[in-house]
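# Results of the structural survey
Given next are the chains, with one letter for each unit.
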Amino acid sequence: MNPLSKRCGIRAVLAVLVLVTGTACSSYKVDFSLTNSSFKPKGKSIAVISGTKEAQNVTLAKLVGDALRKKSHYQVSQPAQVAQAVVPYPQTIKGPYKSAYFYIDSDWDLGDRKKIADIQRSLGVDYLYVIWAPIAVSSNGNNMSSVPAVAQLFEQPNAKEVAQTTITLLLGDEGSLYFKEGADEIARQLAEETHMATSARK
């Protein structure tokens, strides 16, 4: 094994171990941040989509959309609406990262903004939240997988980036409860940070 592969493998195993040993307190790590702290929403319609064809990515996008429908004032597009407007769906969209083997080497300046803008126009939504979760990393002797992900929130017109999210979730427990908890946390932070949470103060 070359030194780079060995370092990447060690980092992947450590990511799983950190989450597994900390499940008593948390089964996820989510960091949602606005690109402009003075952001104010200009509309209510939003779609949450997968940036890859991977099963865990498609599932995560659906779970976040479902949670956002409950936790926010956003009008969230249903999966059937997304599938009808974006053909084919899911599809691979170049995301904000250089590589994704054992972990995601993010670079927020990368990504296919033209395709993202075209998809947002097709959906006709004010905001588009694209999640990229291209890999699931397992550690030897453990049924759990660590699912690293990155996401961006785009605003009309021209898919202007307004937020970034770095994510690590666990997958593999019975009923995928940890994965669902992580999706709920993503939705909670998105709703609160963009001032659209149902519990937000007036």
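Provided above is the structure to which this section pertains.
Nothing here was measured: the structure is a model prediction, and the numbers come from that model.

Before going further, it helps to spend a moment on the side chain of Ser50. Within the secondary structure, Ser50 is located in strand E2 (residues 45-50). Its relative accessible area of 1% is what places Ser50 among the buried residues. Within the local environment of Ser50, its side chain forms a polar contact with the backbone oxygen of Thr52, the two atoms lying 2.6 Å apart. Looking at Ser50, its side chain comes within polar contact range of the side chain of Asn57, at 3.1 Å.

For the rest of this paragraph, the subject is helix H4 (residues 113-123). Taken as a whole, H4 has its buried residues at Ile116, Ala117, Ile119, Gln120 and Leu123. Projected down its long axis, H4 shows its buried positions confined to an angular sector of 160 degrees, all on one face. On its buried face, H4 sits against E2, helix H3 (79-85), strand E6 (127-132) and strand E8 (145-155). Of the residues flanking the end of H4, it is Gly124, one or two places downstream, whose phi is positive at about 65 degrees.

Quick look at the environment of His195 now. With respect to the helices and strands, the residue His195 is situated in the segment after helix H5 (177-193). Relative accessible area serves as the criterion here: at 47%, His195 is assigned to the partly exposed category. As a C-alpha pair, His195 and Ser72 span 123 residues in sequence and 8.8 Å in three-dimensional space. Ignoring sequence-local partners within four residues, the contact set of His195 consists of Phe39 and Pro41. Of note is the side chain of His195, whose polar atom sits 3.4 Å from the backbone oxygen of Phe39.

Time to look at H5. With 17 residues, H5 should reach 24 Å at 1.5 Å per residue; the first-to-last C-alpha distance of 24 Å fits that figure. Three or more residues of H5 are buried, namely Phe179, Gly182, Ala183, Glu185, Ile186, Ala187, Gln189, Leu190 and Ala191. If you follow the buried residues of H5, they end up packed against strand E1 (28-34), E2, helix H2 (55-71), E6, E8 and strand E9 (160-171). Count one or two residues on from H5 and you reach His195, which has phi positive near 65 degrees.

Attention shifts here to the packing of aromatic side chains. By the definition in use, this model includes three aromatic pairs. Where Phe39 meets Tyr127, the ring centres are 6.0 Å apart and the plane angle is 75 degrees; that geometry is what we call edge-to-face. With Phe39 in the loop between E1 and E2 and Tyr127 in strand E6, the pair connects residues that are 88 residues apart, well separated along the chain. The class for Phe39 is buried, based on a relative accessible area of 7%.

A separate point is the pattern of salt bridges. In this structure the tally under the stated criterion is seven salt bridges. Arg113 serves as the salt-bridge partner of Glu161, at 3.9 Å between the closest nitrogen and oxygen. With Glu161 in strand E9 and Arg113 in helix H4, the pair connects residues that are 48 residues apart, well separated along the chain. Here the residues in one salt-bridge network are Lys62, Asp66 and Arg69, joined through shared partners.

For the pair H2 and H5, interaxial distance at closest approach is 8 Å and the crossing angle is 50 degrees. Between H2 and H5, the angle falls in the class oblique. The handedness of the crossing between H2 and H5 is right-handed. Only Phe179, Lys180, Ala183, Asp184, Ile186, Ala187, Arg188, Leu190 and Ala191 of H5 make contact with H2, whose side of the interface consists of Gln56, Thr59, Leu60, Leu63, Val64, Ala67, Leu68 and Lys71.

Within the largest apolar cluster, 33 residues are counted, with the highest numbers of intra-cluster contacts made by Ile46, Leu60, Val64, Leu68 and Tyr129. Elements with a minimum of two residues in this core: E1, E2, H2, E6, E8, E9 and H5. One finds Tyr97, Trp108, Val125 and Val130 within the second-largest nonpolar core, a separate group that totals 22 residues.

Calculation notes
Residues numbered from 1 in each chain as written. Predicted model: local features only at pLDDT ≥ 70, side-chain atom pairs only at ≥ 80, totals over all residues. Heavy atoms only, no water. Helix = DSSP H or I, 4+ residues; strand = E, 2+ residues; numbered from the N terminus. Buried < 20%, exposed > 50% of the residue type's maximum accessible area, 1.4 Å probe, protein only. Polar contact = N/O pair within 3.5 Å; in protein donor to acceptor, adjacent residues only side chain to side chain. Arc of directions from axis to C-beta. Contact = heavy atoms within 4.5 Å. Expected span 1.5 Å × (residues − 1). Phe/Tyr/Trp six-rings, centres within 6.5 Å; stacked < 30°, edge-to-face > 60°. Salt bridge = Lys/Arg side-chain N within 4 Å of Asp/Glu carboxyl O. Axes fitted to C-alpha atoms, helices over the stretch in contact; angles between N-to-C directions. Parallel < 35°, antiparallel > 145°, perpendicular 65-115°, else oblique. Left-handed = near helix turned anticlockwise from the far one by under 90°. Core = buried A, V, L, I, M, F, W, Y, C linked by side-chain atoms within 4.5 Å.

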